[in-house]
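Residues per chain, in single letters:
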Amino acid sequence: MVLNLLQWRSLSSCSLLKLTPPLFRFCCTYPFTNLSAFSNKRFMKKPSKHNSITPKVTNFLRLFYLCRNIENLKPLGSVLIVRGLMRDKDAVAEFIISCFHLDTPELALSAFEGIEKPSVFLQNLMIRRLCNHGLFEDVLYVYLKCRVLGCSTDNFTFPFVIKASSALGAVWMAEGVHCVVFKTGFEENLVIQTALVDFYGKTGRMGKARLVLDRISQPDLVTWNALISGYSLNGFDKDAFEVLRQIRMMGLKPNVSTLASIIPLCARMKCYDIGKSINGLVIKSGFSSDVILTPALISMYADDGNLFVARNLFDSASEKNVVIWNSMISAYAQNQKFSEVFKMFQEMLQANIQPNMVTFVSIIPCCENPDNFWYGKSLHAHVMKYRLDSQLSVATALLSMYAKLGDLNSAEFIFYQMPRRNILSWNSMISGYGYNGLSDASLAAFCCMQVEGFDPDAISIISILSACSKLEAILLGKAAHAFSFRKGFDSNLNLSNALLAFYSDCGQLSSCFKLFLKTALRDVISWNTLISGCIHNGDTEKAVALLHEMQREECKLDLVTLISIIPICSMTENLIQGRTLHGYTIKTGFSCDVSLVNALISMYSNCGDINAGKFLFEVMPWRSIVSWNALMTGCRYHNLQNEVIATFCQMIREGQKPNYVTLLNLLPACSSLLQGKSIHAFAVRTGIIVEIPIITSLISMYARYEYTISCLFLFGMGERKDIALWNAVMSAYIKTRNAKEAVTFFCELLHARVEPDFITFLSLISACVQLSCLNLSNSIMAYIIQKGFDKHIVISNALIDLYARCGNISVAKKIFEDLPSKDAVSWSAMINGYGLHGDSNSALALLSQMKHSGIRPDGCTYTSVLSACSHGGFADQGWMIFNSMVEEGVPPRMEHYACMVDLLGRTGQLSEAYNFVEKLPCKPSTSLLESLLGACRAHGNVELGEKISRLLFQLDPKNSGSYVMLYNIYAATGRWMDANRVRSDMEERQLRKLPGFSLVEGNRHPVE
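Along each chain, residues carry numbers from 1 onward, in the same order as the chain's sequence is written. Residue-level local features of this predicted model are given only where pLDDT is at least 70; pairs of side-chain atoms are given and counted only at 80 or more, and the full residue set underlies all totals for whole chains, interfaces and linings. The side-chain numbers reported here are obtained from all heavy atoms of the structure, hydrogens and water having been left aside.

(A) The arrangement of the overall build of the protein in detail. Scanning the protein for helices and strands turns up 59 helices and two strands. Type-normalised accessible area, obtained with a 1.4 Å probe on protein chains alone, sets the label of each residue: buried when under 20%, exposed when over 50%, and partly exposed for intermediate values. The buried share of the protein, reckoned over its 1008 residues, is 47%. Taking contacts inside the protein between residues at least 6 apart in sequence as the whole, the part at least 24 apart equals 59%. Computed with a 1.4 Å probe, the accessible areas rest on the Shrake-Rupley method; for each residue, only the protein chains presented here act as cover. For the protein, the exposed surface amounts to about 50600 Å²; the carbon and sulfur share of it is 55%. We count a stretch as a helix when DSSP gives it H or I for four or more residues in a row; a strand needs E for two or more, and each element gets its number in order from the N terminus. The contact rule is simple, with two residues in contact once any of their heavy atoms fall within 4.5 Å.

What follows is the structure, given as structure tokens:
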């Protein structure tokens, strides 16, 4: 028995639900024929125009409102099917509404499938509800099905279909709907036109979006907002501001949606003054408490670094929802205030605000620093607690965090536990492998991603290019370039910069320049990549030219540009250019950056202005370990060994912990073996001894004091497969004049199956020079050719010098002539070879050829030429070459002065030689004076010999050679009393004449 209406109203919801089974039985037995005839305004959304509903049927329809779960609803759906009510649009409509109300859209879809030909009303109802639930694929399915069934459409259908197409990126679908809109005459409908503007904006077709809007006779603010949103989304920031200006001129007042689209543009364009004005407009318009605008304003001020105002906006918000909390957390994260981020998160939990997916996506990247590892673990636990681990974006953020922390096992676990993956999660895994140096694994993941059916995007290509750079996989990188071009990614600026970096890292500068010239859009990163590539490949002239071109194109130099370009001034010792760049850094406000100041210290030190470097160091508010090392390197470069030691002591006093670079600067400054041992002990105590460069530097230090036992002990401590250690020991043997041991050690290297490098061969060639063994030289040259090292110009230059010194000038000449390209060292070595063989004419002729070939002689070349003139006795040519050297801007060094003194001494011009010595701008060296003293002996000039001897005794009183030469001068002229006096002085000073030796090459070995 059916209860009357008053009785129904008096029952509670729980009581009504208990009556559902008997009501279901009643409905099954009641003979409903046309339910639409019993519609009642009280319960139906769209009442029928014909008849009113009877009380009995009213009670049945009211059951839809009493359903609290799907189990209550399913029986009513069965009634619709059993009693043939699926043809009644009002009954079906109530069922569909109830399905969506109970969040069971699949049941509504199942019922809709049973309708033979849905009405426009049901079609629109279904499409609207699906769209509101975000089921955009089902929206398109329903629309297409209705089109196939011949259902008509109206102005309520198209906006939701267009919205679904936009969300799915189904361009073909929306464009087809646009055609249908024209065909059916709905093109004048403002709602549909606004939906089309929104669609074209979201899919990046701003030209079509503007065209649609221009055809609207009277667009309203909603339509203009859709256009502004499209411009903002696609980076057309200036166009968005222009539309805002048009809106104001038309007398339309911007609303919340307008301002929500404009405020992010102010941050993106760095137009913070405009943003502040808009903030004033927000307050004036009464929108200051709006929950949409407050997060946008917080983000804008955070981008400007103004966290104080951002925090004030947050604190003044009357209602703090999760979006406002997220915006403040993101603001702190963006400004690297990680402690504040974690504090805000704790306050959020204490305020009983449940974090959502965006919260964790903002916080998790803050834990990528090893110091915040346990925060990351805690956040992972919170993610599990709130059951957000299945959210793809959160899982991807966790994956990236663990990868950055080096915990690849956890990253892989999260990745493989994902129920579904998207391109972002794959990209995170690919970049995670690359970040941890597993380039091969990165490439493998890239291949697996494609096997799984995911098309790589621009981020995928950027990650894979990094792996190709590390592996030097040039062909694979070029394939990635071709793929990106085919997919249309070549217009992506970040990808273009990644390609530039790839070609630069692989030494493909020509390809790098071609790509750069073809790229329509460039930013400062593009220029920096190309400039650093030129510097890395040794082409400093191109780097400087690019810098000038960059300034001509009005691209502002940033911090990276300056740090990259300043070392060029160090390489070329161009102090004026360095000072100019220093002035620019002060003007642009970069002069306080520690990394930049470190580069400036190095520049001034290398350019000879060590005082400027010290001044910069002293005024630094905070010094890093690099700052101390830069100053110590500068002092060492200028042989200020005491300054190096003093700087190190100051560094220790100020509590700065040295690293291995510090000790590398300190070891060459050691003035005694005891100091060297102290540094060795410090390296052991601090654990720095494990660094290979420190071990090799210590070997070099002990070799300086001929302590070869310690050299071998250090060699045993290191990794025996490291060629640097073998090279260091070979160099130590050569420094201590133990060439035979160096060759033996090289044989051990080969037995240990360690591959020699070009430094090994340079050391081996130096050993051969000491041994003057032609047979050994031939064997080494053959091995060098077999290994392919003869293509290194440095090796070829060393071989030229070796054969010249071993007496085979013809082989030296052949090597020189066969060189595909010659540098200044090649010419100098050959000229020196001719000089050693007394062929001064050939040496002078070769100098002339060198100048004609376009290579400018350097100081070493002039030393070789002057030495050749000295051997040949060409005094006039020697003076001419010395003067031309000065005129060409090559500053004379002590070796040039020594060659001139030797030349004048050999030709008997002793007075001119002595006058030359007296006019020297610096104190003469011992070897120079010994050369002049030898000339005095040869020409019997006792008086001048005595003067030179007195100078030598003052410079080097322990040098027995000076006494021996003066004794020989006296003996040669028969002044035996003076000669005996010199002998007595030697005995008093306990000086002994060093025995001489010569090498004569036998059948197999050189014999002393």
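So that's the structure; there's more coming.
(B) Up close: the pattern of salt bridges. Here, a salt bridge means any Lys or Arg side-chain nitrogen found within 4 Å of an Asp or Glu carboxyl oxygen. The tally for this structure, following the rule as stated, stands at 23 salt bridges. One salt bridge connects Asp214 with Arg210, and the closest N-O pair in it is separated by 3.2 Å. With Asp214 and Arg210 both in helix α13 (residues 206-214) and four residues apart, this pair spans about one turn of that helix. The partner of Lys404 in a salt bridge is Glu368, with the nearest N and O atoms 3.4 Å apart. Of the two residues, Lys404 sits in helix α24 (residues 392-404) while Glu368 sits in the loop between α22 (357-363) and α23 (373-385), which places them 36 residues apart along the sequence. Using a relative accessible area of 22% as the deciding quantity, one classes Glu368 as partly exposed. A single network of salt bridges, built from pairs that share partners, joins Glu946, Arg975, Asp978 and Arg981.

(C) Seen up close, the environment of Ala630. Along the chain, Ala630 turns up in helix α38 (residues 625-637). As for Ala630 and Ser605, which are separated by 25 residues in sequence, their C-alpha atoms are 8.5 Å apart. Once residues within four sequence positions are removed from consideration, Ala630 is found in contact with Asn598, Ile601, Ser602 and Ser605.

(D) Spatial organisation of the packing of helix α50 (residues 824-836) against helix α52 (residues 859-872). Where α50 contacts α52, the axes come no closer than 8 Å and their chain directions differ by 10°. As far as their axial angle goes, α52 and α50 are roughly parallel. Of the two possible hands of crossing, α50 and α52 adopt the one that is left-handed. Along the contact surface, α50 presents Ala824, Ser828, Ile831, Asn832 and Gly835, while α52 presents Cys860, Thr861, Ser864, Val865, Ala868 and His871. Residue polarity follows a fixed list, in which Ala, Val, Leu, Ile, Met, Phe, Trp, Tyr, Cys and Pro are nonpolar, Asp, Glu, Lys and Arg are charged, and the others, Gly among them, are polar. Among the residues making up the contact of α50 with α52, the classes are represented as five nonpolar, six polar and no charged. To get an axis, fit a line to the C-alpha atoms, keeping to the stretch in contact for a helix; angles then go from 0 to 180 degrees between the N-to-C directions. An angle below 35 degrees is read as roughly parallel, one above 145 as roughly antiparallel, one from 65 to 115 as roughly perpendicular, and any other as oblique. Here is the rule for handedness: rotate from the far helix to the near one, and if that takes an anticlockwise turn smaller than a right angle the crossing is left-handed, while a clockwise turn gives right-handed.

(E) Expanded view of unusual backbone geometry. One non-glycine residue, Gln336, lies in positive phi territory at about 60°. Residue classification places Gln336 among the exposed residues on the basis of a relative accessible area of 53%. Unusually for a residue other than glycine, Arg753 sits at a positive phi of about 60°. Turning to its location among the elements, Arg753 is positioned in the loop between α45 (739-751) and α46 (758-771). Look at Arg753 and you get exposed, because its relative accessible area is 75%.

(F) Spatial organisation of the packing of aromatic side chains. Note on aromatic pairs: the rings of Phe, Tyr and Trp (six-membered ring only in Trp) are paired at centre separations within 6.5 Å, and the planes decide the class, stacked below 30 degrees, edge-to-face beyond 60, tilted for the rest. Applying the stated criterion to the full structure yields 29 aromatic pairs. With a centroid separation of 5.3 Å and 75° between ring planes, the pair formed by Phe415 and Tyr416 is classed as edge-to-face. Ring geometry for Phe816 against Trp827: centres 5.1 Å apart, planes inclined by 80°, an arrangement best described as edge-to-face. Taken together, the positions of Phe816 in helix α49 (residues 809-818) and Trp827 in helix α50 put the pair 11 residues apart, joining distant regions of the chain. Through a chain of ring-to-ring contacts, three or more aromatic side chains come together here, namely Phe415, Tyr416, Trp426 and Phe454. It is Lys404 that lies over the ring of Tyr435; its NZ or CZ is 5.8 Å from the centre. When the ring centre of Phe617 is taken as origin, the NZ or CZ atom of Arg623, which lies over that ring, is 4.4 Å away. Charge-over-ring placement is defined geometrically: NZ (Lys) or CZ (Arg) within 6 Å of the ring centre, and within 35 degrees of the ring normal.

(G) Fine view of a nonpolar patch on the surface. Taken together, Met357, Val358 and Val361 make up a surface patch of nonpolar side chains, about 200 Å² in accessible area. When you line up the elements, Met357 lands in helix α22. In this structure Met357 comes out as partly exposed when scored by relative accessible area, which is 31%. Like-charged residues within 9 Å of one another, or nonpolar side chains (Val, Leu, Ile, Met, Phe, Trp, Tyr) within 5 Å, are grouped into patches, provided each residue has over 30% relative accessible area and no salt bridge.

(H) Fine view of the packing of helix α18 (residues 293-303) against helix α19 (residues 307-316). Close contact between α18 and α19 brings their axes to 8 Å; oriented N to C, the two are set at 165°. With respect to each other, α18 and α19 are oriented roughly antiparallel. The two elements α18 and α19 cross, and the hand of that crossing is left-handed. Taking contact as the criterion, the partners of Thr294, Leu297, Ile298, Tyr301 and Ala302 in α18 are, on α19, Leu307, Val309, Ala310, Leu313 and Phe314. A breakdown of the residues in the contact of α18 with α19 according to their chemical character gives nine nonpolar, one polar and no charged.

(I) Quick look at the environment of Ala108. Note on placement: Ala108 falls in helix α7 (residues 105-113). When its relative accessible area of 0% is taken as the criterion, Ala108 is described as buried. For Ala108 and Val92, which are 16 residues apart along the polypeptide, the C-alpha to C-alpha distance reads 9.1 Å.

(J) Representation of helix α8 (residues 120-132) in the model. The span expected for a helix works out to 1.5 Å for each residue beyond the first. Between the first and last C-alpha of α8 there are 18 Å, a value that for 13 residues agrees with the 18 Å anticipated at 1.5 Å per step. Taken from the residues just after α8, Gly134 is the one with a positive phi, measuring 75°.

(K) Geometry of the side chain of Asn665. Looking at the element boundaries, Asn665 is found in helix α40 (residues 660-666). Overall, the relative accessible area of 3% leaves Asn665 in the buried class. Two N or O atoms form a polar contact when they lie within 3.5 Å of each other; inside protein one atom must be a possible hydrogen donor and the other a possible acceptor, and for residues adjacent in sequence the pair counts only when both atoms belong to side chains. Within the local environment of Asn665, its side chain forms a polar contact with the side chain of Arg636, the two groups lying 3.1 Å apart. Look past the residues within four positions of Asn665 in its chain and what remains in contact with it is Asn629, Met632, Thr633, Arg636 and Val644.

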